[in-house]
Structure formats: structure tokens, C-alpha cells
Amino acid sequence: MSDRQPTLPNRQTPFSEAFKQFIAQGWAPHDPVLPAPLPAAGPARARRDAVSAQFPGERLVVPAGGLKIRSNDTDFRYRPHSAFAHLTGLGTDREPDAVLVLEPTDAGHEATLYFKPRAPRDSAEFYADARHGEMWVGKRPSLEELAALCGVDCAPVEELPDRIRKDAGTIPVRVVTGVADGELAEVLAEIRAGLDAEAAEAVAAADTELVVALSELRLTKDGYEIEQMREACRQTADGFAAVVADLPEAVRRGRGERWVEGVFGLHARHVGNAAGYDTIAASGEHACTLHWIRNDGDLRPQDLLLLDAGVELDSLYTADVTRTLPVSGTFSPAQRRVYEAVLEAQEAGIAAAQPGATFSDVHKAAVAVIARHLEAWGLLPVTAEESLGEEGGQHRRWMVHGTSHHLGIDVHDCAQARNERYRQGTLEAGMVLTVEPGLYFKGDDELVPDELRGIGVRIEDDILITADGNENLSAGLPRTADDVEAWMADVWAGRRA
């Protein structure tokens, strides 16, 4: 179903008949034992049921998406679309070009997963197809094996076009937009051809409604998801410790931000799928650039390192944690002053993250502390109260970003949810959100005293809303300045032992 070319036309050497006969011989049979179901198979079934209840009588099409070309015949590492992963339980790099279809029935919906199963070893696909062939990309599952893994009936992807076309004039079809490509996109265009402007607009609105519903389905995590988030945070804490252990080497080597990124990436790739997003390893003034992912700077002992990183597990659930660390192991007085102000703001935000509170209450609580400190330091041209008012906002010069976002199978999870369910929504047990205030004083900011210029601090934790409060999933990493210094010393002592 992908439009990617499997090989470049001038790179394929013809295969002789002798080779074709020889390559098909002498292979051990595939293991007849079917795999055990994925841990996510049961929860995914419940999620499909929830979607089914929202759209009775309609055909729902959820593509996994295909490979994206990086250069010529080299692809970016594949990751399935989050809605597809959420509804099937498939993670890591499974399964390019697959499509989940929920077909309406009298009892709700019947799920079928369409994908490209492995080919027999006497077929040209086995040895000549760089896109699907076992010689090129490894052993693909059979229909029966993937069905056993996911608990979903499976069918060859070649049958999908006829399924989409069948009764398309009488059965409404909704599709997750922005994912379908190749033949699937062509079939969808075909069945929707000839619609007048009003009907086309209604179809587009229906697709958007499906995307929104699937995003909002992830706002509240089930038990499996919560445990995955706990594990992602545990592994992330270990990754941060690995970075601290190697900080002296990062300083010595030069271009230490890249060394930090590499150490964390090695850990994340080893214990999980990868880093959940591009790691921010920002030293010195680079910490004042919110999305610093170039990571090409040196680490100097007198600077801070702002490390914003998270391990994404094989299930695709990710942590998102930030710690600001003194490269030398000890905060300077000015660094400590900024750090402790940010920590106080974070504590206020975490305290506000309660069931029944609004999502925006967390930001309000944290930023009120930020504004108060900026006023006390003489940086605001108005009072903190005036800055926090609708006509103010002067404090945003030093903290322009929001304090929180939802977290889960995406680092910015549920991003297509309606505003009234997200930014204006009410916090409920099972939601996971970040709390991450910061202060960023750029080196060329002439409104800031010299001792604060070039200091950037952010502290971020992953907070699970519970029935009676919250749980800090990333509490395994220290947060107070004293605890950070003691932890770093302990890590270095252990490395020397």
C-alpha cells in the first residue's frame, strides 16, 4: 500500500533461473507454534469497543502509515501511527502499511487487520523485494501469527481495496486522515469522487471527528498504560544516571552535548524502542533555547546542563522528564537561586494537579510563583499581579511556554482533542500530564543582571492523576538542589568504585 519504490531501477541485478531454483531449496520450516498474545491485546480490544460504540453502522479505517524516504532507497526508522498502535497493541516498528478496519455489524463492529504477510521462499518477493522480502527486512509474520499476537482477524492487504469499495455508497466510511498513502489513498479518493462541495465538506468533517475521538480516547489511561508509563519513567531515571556517570567524559571529549545525547540514546535504544523524542541536551546558554536539539555545544564545568529526555518503550509509551544539572556537581549561588525558584513553581503546579481541577489550574499555580520571584528580583516592570492579568504577560519574557501537556503513547499525547476536553478540560483519574515550569535568562538580555545571564532552568516530571490526588511517576530522580548534588556525587563515587 506504500508508494515507496522497493529498489532503485539501476541497482537491481537480474536473477538467473538457476539462482531462482537454488534459492528456494533447503530452508527449515517455519515454527508451527503461534506466539502468545501481546500484553496490550486485551486493553486494545476494549479500546476498539469504545470506538465502536461512538460510530455505530460506520466503517472505520485506521492506517498504520508507511515508510518515509530519508534519501533515495534509505528510509527513516518506522513508527506506526499512534491511533493504530493504540487500537491494535502493536508497537516498535510494526507494521508498515497495515490498516485496521472496523466493519459495522448488528452487534457493533468486527475488526480486521490488513497487512502484507510473509511470502513463501520460492517466491521472488522472498529474495528480490527490498521493501517486503525476508532476505532484506527479516522474517515477516504470517496471517495466523499476527492474529495470535493482536487477537484480531487478519487478511492480506491486497484484499483491502475491495473491502473499502464494498457498499461504500450505503455504508459511511471514516478514515484517520494524513496517514493513508499509495493505493489506499487512491481507493478513498475513488469512492469519494463526484461529491458536491457540501457532501465533501461533511465527509471531511466526519474524518476529523474520528481523529478527535481517537485522540480523546487516550486522555484517560487504562491500567496497562499506567504501568507502561511507570516503567518508561523508571528506565528514563536509569538513563539520566548513565548520563551523569559519563559527564566527566563528556566535558573531556568536547562537543559534550552530543556525548550526552548519545549516552541517553544508547540506553533508550537498548531498553526500549528509542528515545521518545529528540533529546534536548542543552549546556550553558543553549538551555535558554526551548527546543535545543542541535546538541553540538561543549560542556563546561561552570555551566548547567538542561537534559530533557524520555525513554519510549517497545509499546511506544514514553516518559518526558527534564532535570537541570550542574556540570561540576555543585550549583553556583546564582544557579541555585534560579533553580529553587523553578522548583517552587513546579511544586505549586504539582499540588494543583488534582482530580476535579482544570488543566489550566496547573499552569496558573506554577506561573504565579514564577511571576512572584521575577517581581522580587526587580525584573518585572509591573507587579506580579499585573503581569499575570489579561493585559499583562511580561513574565512570559522569561517563561514563554505552557507548564503542562498530556503524555502517553505520544510525548504530546491527545493533541487532536477538543479544547474543551484538553486545555479547558477537567483533570480525571488516569490522566498523565507533565508539570514543567522554567526560567530562561538569555546571555544578551540586558534587563537581567550579569550573574543571571545565560542561566536556563527547567524541571519536569510526569504526573498521574489519581482518585484522591496524584502520583509523581518520575519521582525516582531527585529534584531539590541539595538532592541533585548528593545524587551526582553518589553516581560519580559509584563509577570510581
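### Regarding the pairing of strand β4 (residues 99–105)
Then comes step 1: The element β4 is largely enclosed, with a buried count of six among its seven residues.
Then comes step 2: Bridge analysis of β4 against strand β5 (residues 108–115) gives seven bridges, and the strand direction is antiparallel. The residue bridging Val99 from the neighbouring strand is Tyr114, located in β5.
Then comes step 3: The turn joining β4 and β5, which pair antiparallel and follow one another in sequence, is formed by two residues.

### Here we look at the sheet that holds strand β16 (residues 461–466)
Then comes step 1: A sheet is described by the order of its strands in space; here three strands give the open sequence β13-β16-β17, paired in antiparallel fashion. Because the sheet does not close on itself, it has two edges, and the strands there are β13 (432–435) and β17 (469–472). Averaged over all pairs of adjacent strands, the angle between their axes in this sheet comes to 40°, without regard to strand direction.
Then comes step 2: Sheet analysis places β13 next to β16, joined by four bridges and oriented antiparallel. Across the sheet, Thr434 pairs through a bridge with Asp462, a residue of β16.

### A look at empty space enclosed by the protein
Then comes step 1: Evaluated as defined, the whole model comprises two cavities of 30 Å³ or more.
Then comes step 2: Each pocket or cavity is described by its volume, and for the largest cavity that value is around 50 Å³.
Then comes step 3: In terms of lining residues, the largest cavity is bounded by 12 residues, among which Pro63, Asp97, Val99, Asp181 and Leu184 are the most central.
Then comes step 4: A class-by-class count of the residues in the lining of the largest cavity yields eight nonpolar, two polar and two charged.
Then comes step 5: For the second largest cavity, the calculated volume is near 40 Å³.
Then comes step 6: Lining the second largest cavity we find Arg118, Ala119, Glu125, Phe126, His132, Gly133, Glu134, Gly138 and Arg140.
Then comes step 7: Among the residues making up the lining of the second largest cavity, the classes are represented as two nonpolar, three polar and four charged.

### A closer look at the packing of helix α13 (residues 333–352) against helix α14 (residues 359–376)
The description of two helices packed together rests on the angle between their axes and the distance between the axes.
Then comes step 1: Running from N to C, α13 and α14 point in directions that differ by 155°, and their axes come no closer than 7 Å. By the angle between their directions, the pair α13 and α14 is classed as roughly antiparallel. Every pair of crossing elements has a handedness; the one defined by α13 and α14 is right-handed. Contact residues: α13 offers Ala341, Glu344, Ala345, Ala348, Gly349 and Ala352, while α14 offers Asp361, Val362, Ala365, Ala366, Val369, Ile370, Arg372 and His373.

### A closer look at the layout of surface pockets
Then comes step 1: Here the largest pocket is characterised by a volume of approximately 970 Å³.
Then comes step 2: Lining the largest pocket are 37 residues, with Val400, His401, Gly402, Thr403 and Ser404 positioned closest to its centre.
Then comes step 3: The set of elements that each furnish at least two residues to the lining of the largest pocket consists of α14 and α15 (384–388).
Then comes step 4: Element by element, the count of residues in the lining of the largest pocket is highest for α14, at five residues.

### Observations concerning the packing of aromatic side chains
The geometry of an aromatic ring pair is captured by the separation of the ring centres together with the interplanar angle, meaning the angle of the planes.
Then comes step 1: A complete count under the given rule lists 10 aromatic pairs for this structure.
Then comes step 2: Between the aromatic rings of Phe15 and Phe19, the centroid separation amounts to 5.0 Å while the plane-to-plane angle is 25°, which identifies the pairing as stacked.
Then comes step 3: Judged by relative accessible area, Phe15 falls into the partly exposed class, the value being 29%.
Then comes step 4: Residues Phe19 and Tyr127 carry aromatic rings whose centres are separated by 5.2 Å and whose planes lie at 85° to one another, so their mutual orientation is edge-to-face. Taken together, the positions of Phe19 in helix α1 (residues 17–23) and Tyr127 in helix α4 (residues 124–128) put the pair 108 residues apart, joining distant regions of the chain.
Then comes step 5: Of the residues examined, Phe19 reaches a relative accessible area of 28% and is grouped as partly exposed.
Then comes step 6: On the basis of relative accessibility, which here comes to 9%, the residue Tyr127 falls in the buried class.
Then comes step 7: In this structure an aromatic cluster arises from ring pairing among Phe15, Phe19 and Tyr127.

### Observations concerning the side chain of Asp445
Then comes step 1: Take Asp445: it is sitting in the loop between β14 (438–441) and β15 (455–458).
Then comes step 2: On the basis of relative accessibility, which here comes to 7%, the residue Asp445 falls in the buried class.
Then comes step 3: The contact partners of Asp445, leaving out residues within four places of it in the chain, are Arg397, Trp398 and Arg453.

The rules behind these values
- Residues numbered from 1 in each chain as written.
- Predicted model: local features only at pLDDT ≥ 70, side-chain atom pairs only at ≥ 80, totals over all residues.
- Heavy atoms only, no water.
- Buried < 20%, exposed > 50% of the residue type's maximum accessible area, 1.4 Å probe, protein only.
- Helix = DSSP H or I, 4+ residues; strand = E, 2+ residues; numbered from the N terminus.
- Pairing = 2+ DSSP bridges.
- Axes fitted to C-alpha atoms, helices over the stretch in contact; angles between N-to-C directions.
- 1 Å grid on protein atoms, 1.4 Å probe; cavity = no way out; pocket = protein on both sides within 12 Å on 5 of 7 lines; lining within 4 Å.
- Points joined across faces, edges and corners; volume = space filled by probe spheres on them.
- Nonpolar A, V, L, I, M, F, W, Y, C, P; charged D, E, K, R; others polar.
- Parallel < 35°, antiparallel > 145°, perpendicular 65-115°, else oblique.
- Left-handed = near helix turned anticlockwise from the far one by under 90°.
- Contact = heavy atoms within 4.5 Å.
- Phe/Tyr/Trp six-rings, centres within 6.5 Å; stacked < 30°, edge-to-face > 60°.

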